[in-house]
Amino acid sequence: MPTPSKGPRLGGGPAHERLMLAGLATALFEHDRITTTEAKAKRLRPLAERMVTFAKRGDLAARRRVLTTVQDKGVVHRLFTEIAPDMAEREGGYTRITKIGARKGDNAPMVVIELVRERVSAKKATVKEAEAATKRAAKAAPAPAPVEVEDEVVETAEVAEPVQDAPVADAEATPDGSPDDAQEK
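Basis of the calculations
- Numbering of residues starts from 1 in each chain and follows the order in which that chain's sequence is written.
- Restriction of local features to residues with pLDDT of at least 70 applies here, the model being predicted, together with a cutoff of 80 or more for giving and counting side-chain atom pairs; totals for whole chains, interfaces and linings are based on all residues.
- Calculated side-chain values reflect all of the structure's heavy atoms, with hydrogen atoms and water omitted.
- For helices the rule is a DSSP run of H or I covering at least 4 residues; for strands it is a run of E covering at least 2, with both sets numbered from the N terminus onward.
- Working rule for contacts: check all heavy atoms of both residues, and any pair within 4.5 Å makes them a contact.
- Here, Shrake-Rupley sampling with a 1.4 Å probe gives the accessible areas, and only protein chains in the shown set may cover a residue.
- Using a 1.4 Å probe on the protein chains alone, a residue whose accessible area is under 20% of its type maximum counts as buried, one over 50% counts as exposed, and one in between counts as partly exposed.
- In protein, a polar contact means a hydrogen-donor-capable atom and an acceptor-capable atom, both N or O and within 3.5 Å, with residues adjacent in sequence counting only if both atoms are side-chain atoms; elsewhere, any N or O pair within 3.5 Å suffices.
- We call Phe, Tyr and Trp rings a pair once their centres come within 6.5 Å, taking the six-membered ring for Trp, and we label the pair stacked below 30 degrees between planes, edge-to-face above 60, and tilted otherwise.
- Look at NZ for Lys and CZ for Arg. If either is within 6 Å of the ring centre and within 35 degrees of the ring normal, a charge sits over the ring.
- The term salt bridge refers to a pairing of a side-chain nitrogen on Lys or Arg with a carboxyl oxygen on Asp or Glu at a separation within 4 Å.
- When DSSP locates at least two bridges between a pair of strands, those strands are taken to pair.
- To get an axis, a line is fitted to the C-alpha atoms, and for a helix only the part in contact is used. The angle between two axes follows their N-to-C directions and goes from 0 to 180 degrees.
- Roughly parallel here means an angle under 35 degrees, roughly antiparallel means over 145, roughly perpendicular means 65 to 115, and every remaining angle is called oblique.
- Left-handed describes a crossing whose near helix is turned anticlockwise from the far helix by less than a right angle; the clockwise case is right-handed.
- Gly falls in the polar group here, along with every residue not listed as nonpolar (Ala, Val, Leu, Ile, Met, Phe, Trp, Tyr, Cys, Pro) or charged (Asp, Glu, Lys, Arg).

Asks: Explain the overall build of the protein chain here, please?
Replies: Regarding its fold elements, the protein chain presents five helices and five strands. Seen in sequence order, the protein chain has helices and strands lined up from the N terminus as α-β-α-α-α-β-β-α-β-β. Contacts spanning at least 24 positions in sequence make up 50% of the contacts within the protein chain whose residues lie at least 6 apart. Element-wise, carbon and sulfur atoms account for 53% of the exposed surface of the protein chain, whose accessible area totals about 13,500 Å².

Structure below.
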C-alpha cells in the first residue's frame, strides 16, 4: 500500500482516507465548523484550503475540480457563492483549528476546525482605525509654524508680546469721565 504524502494514514487505505477527508470537507463547508480528532483536522486543513482557493478563482474548471472531492452540488454552490467572496481579501489561512480537550471514551485529542469568515481581522481593523484617527487629527489641527524670536525657535504659535508701560486705571472714574488717581491728591 502506498503511504500518504503527509502524516499518518487515517483509516484502512488511501481510498478510504480520500473518502473520509471528502466527507469532512463537505461537512466543513456546509456547517462552517466541525468537531473532529486532531489528526483528521490536520489532514483536512490543506485540502479545505485548496478547495477555497479553487472557489476564489470561480471559473468552470475550478468548480469541476472541487466537484471531484466535494460531491454535493449544493455545498459546492455555497462554497463558490457565499464562502469564496468572504475569503476574497485573504491570502491564505482560511481555516482555524482550536483544541478542545480529549474525548471521554478513548482519550483522543479533539479539536474544532472552522472557516475563518471575518473579512478583516480585529487586529488589522484596530490598526486601520488608529491610522484614520491620526489622519483626521492631523487635518483638523495643523501643526503651528515655528516662530523665530531672538535666535530661538519657539514651537507654539502663541508668543507673548512685550508689555508696554501703560498706566492702568484701577481707581474709580470721576464724574467728568477722567480717571481719579489717589496718588495725585
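Next comes the rest of the description.
Asks: So what exactly am I meant to see when it comes to the side chain of T26 here?
Replies: By secondary structure assignment, the location of T26 is in helix α1 (residues 14–31). Given a relative accessible area of 16%, T26 falls into the buried group. Separated by 2.8 Å, the side chain of T26 and the backbone oxygen of A22 make a polar contact.

Asks: What is the right way to look at the packing of aromatic side chains in this model?
Replies: Ring pairs (aromatic) are described by centroid distance and by the angle formed between their planes. Under the definition given, this model contains zero aromatic pairs. A cation sits over an aromatic face here: R63 above F80, 4.4 Å from the ring centre.

Asks: What am I meant to see in the pattern of salt bridges here?
Replies: Pairs may arise between side chains of opposite charge once their charged atoms sit close together. Enumeration according to the criterion identifies 11 salt bridges in this entry. Residue E82 pairs with R78 through a salt bridge whose shortest N-O separation is 3.3 Å. Pair noted here: E82 and R78 are both in helix α4 (residues 73–86), with a separation of four residues, about one helical turn. Look at E82 and you get partly exposed, because its relative accessible area is 40%.

Asks: Please explain the pairing of strand β3 (residues 109–115) as it appears in this structure.
Replies: One face of the sheet, then the other: side chains in a regular strand alternate in exactly this way. Extensive coverage of β3 is indicated by the burial of six of its seven residues. Relative to β3, strand β1 (residues 33–37) runs antiparallel, the two sharing five bridges. Bridge pairing in β3 places T35 opposite V112. Strand direction decides the pairing type here: strand β2 (residues 95–102) and β3, joined by seven bridges, are antiparallel. Residue pairing in the sheet places K99 in a bridge with V111 of β3. What sits between β2 and β3 in their antiparallel hairpin is a turn of six residues, with N107 showing a positive phi close to 65°.

Asks: What exactly am I supposed to notice about the packing of α1 against helix α2 (residues 38–57) here?
Replies: To describe two helices that pack against each other, one gives the angle between their axes and the distance between the axes. In the contact formed by α1 and α2, the axes pass within 9 Å of each other and the chain directions differ by 65°. On the basis of their axis angle, the class for α1 and α2 is roughly perpendicular. Every pair of crossing elements has a handedness; the one defined by α1 and α2 is right-handed. Only K40, R43, L44, L47, A48, M51 and V52 of α2 make contact with α1, whose side of the interface consists of E17, M20, L21, L24, A25, L28 and F29. Its residues placed into classes, the contact of α1 with α2 shows 11 nonpolar, no polar and three charged.

Asks: Just checking my understanding: could you explain the environment of I83 for this structure?
Replies: Looking at the element boundaries, I83 is found in helix α4. Along the backbone, I83 and V116 are 33 residues apart, and their C-alpha atoms lie at a distance of 9.6 Å. With near-sequence residues (within four places) excluded, I83 lies in contact with F29, D32, R78, L115 and R117.

Asks: Teacher, can you tell me more about unusual backbone geometry here?
Replies: Most peptide bonds take the trans form, and the phi angle of most residues other than glycine is negative. A positive phi angle, close to 70°, is found at D32, a residue other than glycine. Along the chain, D32 falls in the loop between α1 and β1. Of note, the phi angle at N107 is positive, near 65°, even though the residue is not glycine.

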